[in-house]
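Notes for the structure review
Okay, here's what each chain looks like letter by letter:
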Amino acid sequence: VSLMAAMAMASSAYAQEINLGADFVPEGWGYHINYPIDWIKLEPTNYSVVFSGREGTAAFNTTVSIQNVRTPDADDKLAAVTGEMARLEGRMQDQTAGLEILIRNPFVYEKNARKITGGQMVAEFAKKGDMFRQWIVILPRPKAPILHVWIFTGPAEDFPLALPTAKAMLESWIIKGE
């Protein structure tokens, strides 16, 4: 079974158990998303947010983050996505050990009569002796030189268990048209 097939099966098996009762609707960020009501939300820098389980819970070591990244090329959206993905991969290469790219595919967002083509990558790496897995989805903002970078990160052994929540969050993500 491929990793993508396993990800799809894991998310559908637990889909009914996911309760995304909290909304994150930042003004001017170009999107909104739902997240578990028992998770915490941090805004470490302008136009970035990190969601994670509370300390002492199984979800504590997993995060879903979204960052808006300004891109110099507003016209060639796919080139901007590819460039940002390469930048993130390079950063992982520099800051981790044993980086392995498991998936690198286009990602097509289709909601509310809007179709946006971006990219996705799943990588596995070691950091401080622990194995992690990361799923990155990058979508260009339709009418602005902005990329929305969604990242789900977790310990490799916890990744499949936390995946349904991350996927439910991704599926709740609404990109606005501006």
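So, here's what we can say about the structure. Starting afresh in each chain, residues are numbered from 1 along the sequence in its written order. Only residues with pLDDT of at least 70 get local features here, since the model is predicted, and only at 80 or more are side-chain atom pairs given and counted; chain-wide, interface and lining totals rely on the full set of residues. The side-chain values count all of the structure's non-hydrogen atoms but skip hydrogen atoms and water molecules.

1. Notes on the layout of surface pockets
- Here the largest pocket defines a volume of roughly 670 Å³.
- Lining the largest pocket are 29 residues, and of these Ser-65, Arg-91, Gln-134, Ile-151 and Thr-153 sit closest to its centre.
- Elements supplying a minimum of two residues to the lining of the largest pocket: strand 4 (48–53), strand 5 (63–70), helix 2 (77–95), strand 7 (114–127), strand 8 (130–140) and strand 9 (146–155).
- Considering every element that reaches the lining of the largest pocket, the biggest residue donor is helix 2, with 6 residues.
- Volume-wise, the second largest pocket comes out at about 320 Å³. The definitions used throughout rest on a 1 Å grid laid over the protein atoms alone, on which a cavity is an enclosed set of points accommodating a 1.4 Å probe that cannot get out and a pocket is an open set flanked by protein within 12 Å on both sides along at least five of seven lines; lining residues are those having an atom within 4 Å of a point. Grid points are joined across faces, edges and corners, and a volume is the space filled by probe spheres set on the points. For the purposes of this entry, the term helix denotes a DSSP run of H or I that reaches at least four residues, the term strand denotes a run of E that reaches at least two, and both are numbered from the N terminus.

2. Some remarks on the packing of aromatic side chains
- Stacked, edge-to-face and tilted labels apply to pairs of Phe, Tyr and Trp rings (six-membered ring for Trp) whose centres lie within 6.5 Å, assigned for plane angles under 30 degrees, over 60, and everything in between, in that order. In the structure shown here, the tally under the stated rule is 10 aromatic pairs.
- Plain terms: the ring middles of Phe-24 and Trp-29 are 5.4 Å apart, the flat faces sit at 75° to each other, and that makes the pair edge-to-face.
- Three labels apply to residues, based on accessible area from a 1.4 Å probe with only protein chains included: buried if under 20% of the type maximum, exposed if over 50%, partly exposed otherwise in between. Under the relative-accessibility criterion, Phe-24 is labelled buried at 5%.
- Centre to centre, the rings of Phe-125 and Phe-132 are 6.1 Å apart; their planes meet at 20°, and the pair counts as stacked.
- Here the aromatic cluster, defined as three or more aromatic residues joined through ring pairs, consists of Phe-24, Trp-29, Tyr-31, Tyr-35, Tyr-47, Phe-51 and Trp-173.
- Charge-over-ring placement is defined geometrically: NZ (Lys) or CZ (Arg) within 6 Å of the ring centre, and within 35 degrees of the ring normal. Across the ring face of Phe-159, the terminal group of Arg-133 is positioned such that the distance to the ring centre comes to 5.5 Å.

3. Regarding the sheet that holds strand 5
- A pair of strands counts as paired when DSSP detects no fewer than two bridges linking them. The strand order 3-4-5-9-8-7-6 describes an open sheet built from 7 strands, whose pairing is antiparallel. Edge positions in the sheet fall to strand 3 (39–42) and strand 6 (97–111), since each of these pairs with one other strand and no more. When the angles between neighbouring strand axes are averaged without regard to direction, this sheet yields 15°.
- Note that strand 5 and strand 9 share 8 bridges and pair antiparallel. Each residue of the ladder has a partner; that of Ser-65, found in strand 9, is Ile-151. Simply put, an axis is a line fit to the C-alpha atoms, just over the touching stretch for a helix, and the angle between two N-to-C directions goes from 0 to 180 degrees.

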